[in-house]
Amino acid sequence: TETGQCNLTLTGHSRGVYALCVLGDGRMASGSEDKTIKIWNTETGQCNLTLTGHSRGVYALCVLGDGRMASGSEDKTIKIWNTETGQCDQTLTGHSWGITALCVVVGIGHVASGSRDWNIKIWNTETGQCDLTLTGHSGWVSAVCVLGD
């Protein structure tokens, strides 16, 4: 805010929070080492929904723009969630170590994932298939972003 004051503190996770994203409708999602994702009302501070399904901590989140969100976990999976119902619509597998970063590839319905396996994968979120694996990194991939067209 303009004053630098804290307006709201969200409490509810039992372990550290490592990922945040703002959903299209102003709600916020948080991913935690407690294996859950919480969807928050940013006006009231109330948790509206808790998403469960990962078997290890959640370290990456990204909004897909169509009412869905992707989450990446130390359990080596990416899950595609319906943020209204809390239902997991799809689980993407293919990394050999935990997921550390996610970003949406705008315009083509894909998600890029970075992992502790030193790879970046480009996923088709309609089919659940990995369309491309980018190799050659000499360590963990801790951030991903998409540049222009």
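Note that the structure is a prediction, hence the values are computed from the model and not measured.

**Student:** Just checking my understanding: could you explain the pattern of salt bridges for this structure?
**Tutor:** Side chains that differ in sign of charge can pair as their charged atoms come close. Summed over the entire model, instances satisfying the criterion amount to 6 salt bridges. For glutamate 33, the salt bridge is made with arginine 15, and the minimal N-O distance between the two is 3.4 Å. One end of the pair, glutamate 33, is in the loop between β2 (28-32) and β3 (37-40); the other, arginine 15, is in the segment before β1 (17-22), and 18 residues separate them in sequence. A salt bridge links glutamate 126 to arginine 68, with the nearest nitrogen and oxygen atoms 3.6 Å apart. In this pair, glutamate 126 is assigned in the loop between β11 (120-124) and β12 (130-134) and arginine 68 in strand β6 (residues 68-73), connecting sequence segments 58 residues apart. Through salt bridges with shared partners, one network takes in Asp25, Arg27 and Glu84.

**Student:** Help me out: how do you make sense of the sheet that holds β3 in this one?
**Tutor:** What links the strands of a sheet is backbone hydrogen bonding, and the strands pair in either a parallel or an antiparallel sense. On the basis of which strands lie adjacent, the open sheet formed by 4 strands has the order β1-β2-β3-β4 and antiparallel pairing. The sheet terminates laterally at β1 and β4 (47-51), the two strands that pair on one side only. Strand-to-strand twist in this sheet, taken as the mean axis angle between neighbours without regard to direction, amounts to 20°. Of the pairings in the sheet, the one linking β1 to β2 comprises 5 bridges and is antiparallel in character. Counterpart to alanine 19 in the pairing with β2 is glycine 31.

**Student:** Would you mind showing me how to read the environment of threonine 11 here?
**Tutor:** Within the secondary structure layout, threonine 11 lies in the segment before β1. Among the residues examined, threonine 11 registers a relative accessible area of 63% and is labelled exposed. Considered as a pair, threonine 11 and glycine 45 are 34 residues apart in the sequence and their alpha carbons are 8.3 Å apart.

**Student:** Sorry if this is basic, but what is going on with the packing of aromatic side chains here?
**Tutor:** Aromatic ring pairs are reported here in terms of the distance separating the ring centres and the angle at which the planes meet. Under the defined criterion, the tally for this structure stands at 1 aromatic pair. With a centroid separation of 5.0 Å and 55° between ring planes, the pair formed by tyrosine 18 and tyrosine 59 is classed as tilted. With tyrosine 18 in strand β1 and tyrosine 59 in strand β5 (residues 58-63), the pair connects residues that are 41 residues apart, well separated along the chain. Overall, the relative accessible area of 48% leaves tyrosine 18 in the partly exposed class. Given the relative accessible area of 23%, tyrosine 59 is considered partly exposed.

Quick notes on the rules
Residues numbered from 1 in each chain as written. Predicted model: local features only at pLDDT ≥ 70, side-chain atom pairs only at ≥ 80, totals over all residues. Heavy atoms only, no water. Salt bridge = Lys/Arg side-chain N within 4 Å of Asp/Glu carboxyl O. Helix = DSSP H or I, 4+ residues; strand = E, 2+ residues; numbered from the N terminus. Pairing = 2+ DSSP bridges. Axes fitted to C-alpha atoms, helices over the stretch in contact; angles between N-to-C directions. Buried < 20%, exposed > 50% of the residue type's maximum accessible area, 1.4 Å probe, protein only. Phe/Tyr/Trp six-rings, centres within 6.5 Å; stacked < 30°, edge-to-face > 60°.

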